[in-house]
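Reading the structure
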Amino acid sequence: MSAVVEELVSGGVRLAVPLLLASSGELLSERAGVLNLSVEGMMLTGAFAGATGALASGNAGVGVLAALAAGLLFAALQALLSVVLRADQIVTGITANVLALGATTYGSRVFFGDGAADSVPGFDPIPVPGLHSVPVLGPALFEQTALGYAAFAVAAVLALGFSRRTSWGLAVDAIGEDATTADRCGLPVRAVRFAAVLLTGAVSGLAGAQLALSEVHAFSDNITGGIGYLAVVAVIAGRWRAWPTLVACLFFGVAQSLQFAAPALGLHLSAPLLTTLPYVIALLAVSGLVGRSRAPSGLTVPFLRGA
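Definitions and limits used
- Throughout this document, residue positions are counted from 1 along each chain, in the order its sequence is written.
- Owing to the predicted nature of the model, reporting of local features is limited to residues with pLDDT of at least 70; listing and counting of side-chain atom pairs is limited to 80 or more, with chain, interface and lining totals taken over all residues.
- As a convention, hydrogens and water are excluded, and side-chain values are obtained from all of the structure's heavy atoms.
- UniProt positions are given in the numbering used here, feature names are shortened, and annotations may be inferred rather than shown by experiment.
- Secondary structure elements follow DSSP: runs of H or I no shorter than four residues count as helices, runs of E no shorter than two count as strands, and numbering proceeds from the N terminus.
- Three labels apply to residues, based on accessible area from a 1.4 Å probe with only protein chains included: buried if under 20% of the type maximum, exposed if over 50%, partly exposed otherwise in between.
- Note on contacts: a residue pair qualifies if any of its non-hydrogen atoms lie within 4.5 Å across the two residues.
- For the accessible areas, the method is Shrake-Rupley and the probe is 1.4 Å, while residue cover comes only from the protein chains on display.
- In these notes, a set of buried Ala, Val, Leu, Ile, Met, Phe, Trp, Tyr and Cys residues joined through side-chain atoms within 4.5 Å is what counts as a nonpolar core.
- The distinction between a cavity and a pocket rests on a 1 Å grid over the protein atoms alone: a 1.4 Å probe fits inside a cavity but cannot get out, while a pocket stays open yet meets protein on both sides within 12 Å along at least five of seven lines, and a residue with an atom within 4 Å of a point counts as lining.
- Grid points are joined across faces, edges and corners, and a volume is the space filled by probe spheres set on the points.
- Under the convention adopted here, Pro, Cys and the residues Ala, Val, Leu, Ile, Met, Phe, Trp and Tyr are nonpolar, Asp, Glu, Lys and Arg are charged, and Gly plus all remaining residues are polar.

The chain appears in an unreviewed UniProt entry as ABC transporter permease from Streptomyces atroolivaceus. Quoted verbatim from the Subcellular location (unreviewed entry) field of UniProt, the annotation for the chain is "Cell membrane".

Structure below.
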């Protein structure tokens, strides 16, 4: 039984790593007032670019760089539409996801049609001596790949660097709450929002690379399977705060892992029920039934100077 629990926790943390990365960027973007429903597309594009770059070069590191570049390019398009042209953020996000799914599916047929997608160079786990032997948590936290450890570091830097106790974090919150007033106070609203979307694209591309190069060493159609949407849900469930969002990501990861570990634990749980559980929690979070929660006032509201 202990081995099953250890595998459940380890699997949950592995599934939570790409979710944690993507939600870290999405949290910052939403605090600045931009809703990125296109996180799913950013991750999917990053996974495809990462797998393609790694396979073409034979080097997983090159794949990571390709994933970052793809995520940034995708985010630049999203930022152009939602920040500069002030297009509807929900419509552009969903449309971008559909475009990414179609483009990567076609690209998979072109580049991986011979089955090469199943032999992509990737990263292997690097156990930390001593710590990886700690029961339950050791394998989960200290048997990550180099990319997994980097993901934890990136998430921590974003959480600390843009906390509400730093000037950067306060500036982001001010823009997300009232962009017009922030502009009058001299804050570069468009630049901050554009940068927040780009950062979301970079970390989402990295999250896609984590899926393709660390978890499965392969690429398949729709490899993200809705993780990008879960990243948005995690931000809502975490009430737009960093550490509660981290907890939500870990919980969602364990819930997904439970689908595979439940039979060994003697639990007869419905897989569709476990799949919908994160969304139910998000609904409870925004409904106020589990405490007060309020989204940034300027979320999805386009900024127009002088309006």
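What follows picks up the thread again.
Examining the overall build of the chain
Looking only at helices and strands, one finds twelve helices and zero strands in the chain. Starting at the N terminus, the α and β elements of the chain follow one another as α-α-α-α-α-α-α-α-α-α-α-α. Residues counted as buried form 48% of the 307 residues belonging to the chain. Intrachain contacts of the chain at a sequence separation of at least 6 include 76% that bridge at least 24 residues. Just so you have it, the chain exposes about 13,800 Å², and 70% of that area is on carbon and sulfur atoms.

Quick word on the UniProt feature "transmembrane region" (unreviewed entry) in the chain
In the UniProt entry, the feature "transmembrane region" (unreviewed entry) is given for residues 62-83, 90-112, 146-163, 194-213, 219-238, 245-265 and 271-290. Helix makes up 100% of residues 62-83 and strand 0%. Its end C-alpha atoms lie 30 Å apart.

Observations concerning the environment of Leu101
Its location among the elements puts Leu101 in helix H4 (residues 89-111). C-alpha separation for the pair Leu101 and Thr45, spaced 56 residues apart in sequence, amounts to 8.2 Å. Those residues in contact with Leu101 that sit more than four places away from it in its chain are Leu44 and Asn222.

Digging into the nonpolar core
Core analysis: the largest hydrophobic core is formed by 45 residues, its most contacted members being Leu19, Met43, Leu213, Phe219 and Phe252. Elements represented by at least two residues in this core include exactly helix H1 (2-31), helix H2 (39-57), helix H3 (60-84), helix H6 (146-161), helix H9 (189-215), helix H10 (227-237) and helix H11 (242-261). With eight residues, the single largest contributor to this core is H9. In this structure Met43 touches Pro18, Ala22, Ser204, Ala207, Gly208, Leu211, Thr224, Ile227 and Gly228, once residues within four positions along its chain are discounted. Within the second largest apolar cluster, nine residues are counted, among which are Phe74, Ala79, Ala100 and Val197.

With respect to empty space enclosed by the protein
Inspection of the entire model under this criterion finds one cavity of 30 Å³ or more. Contributing to the lining of the largest cavity are Val34, Ser82, Val83, Gln89, Val189, Arg190, Arg193, Pro302 and Phe303. Going through the elements one at a time, H3 and H9 are the ones with two or more residues in the lining of the largest cavity. In terms of residue count, H9 provides more of the lining of the largest cavity than any other element does, three residues in total. For the lining of the largest cavity, the residue count by class is five nonpolar, two polar and two charged.

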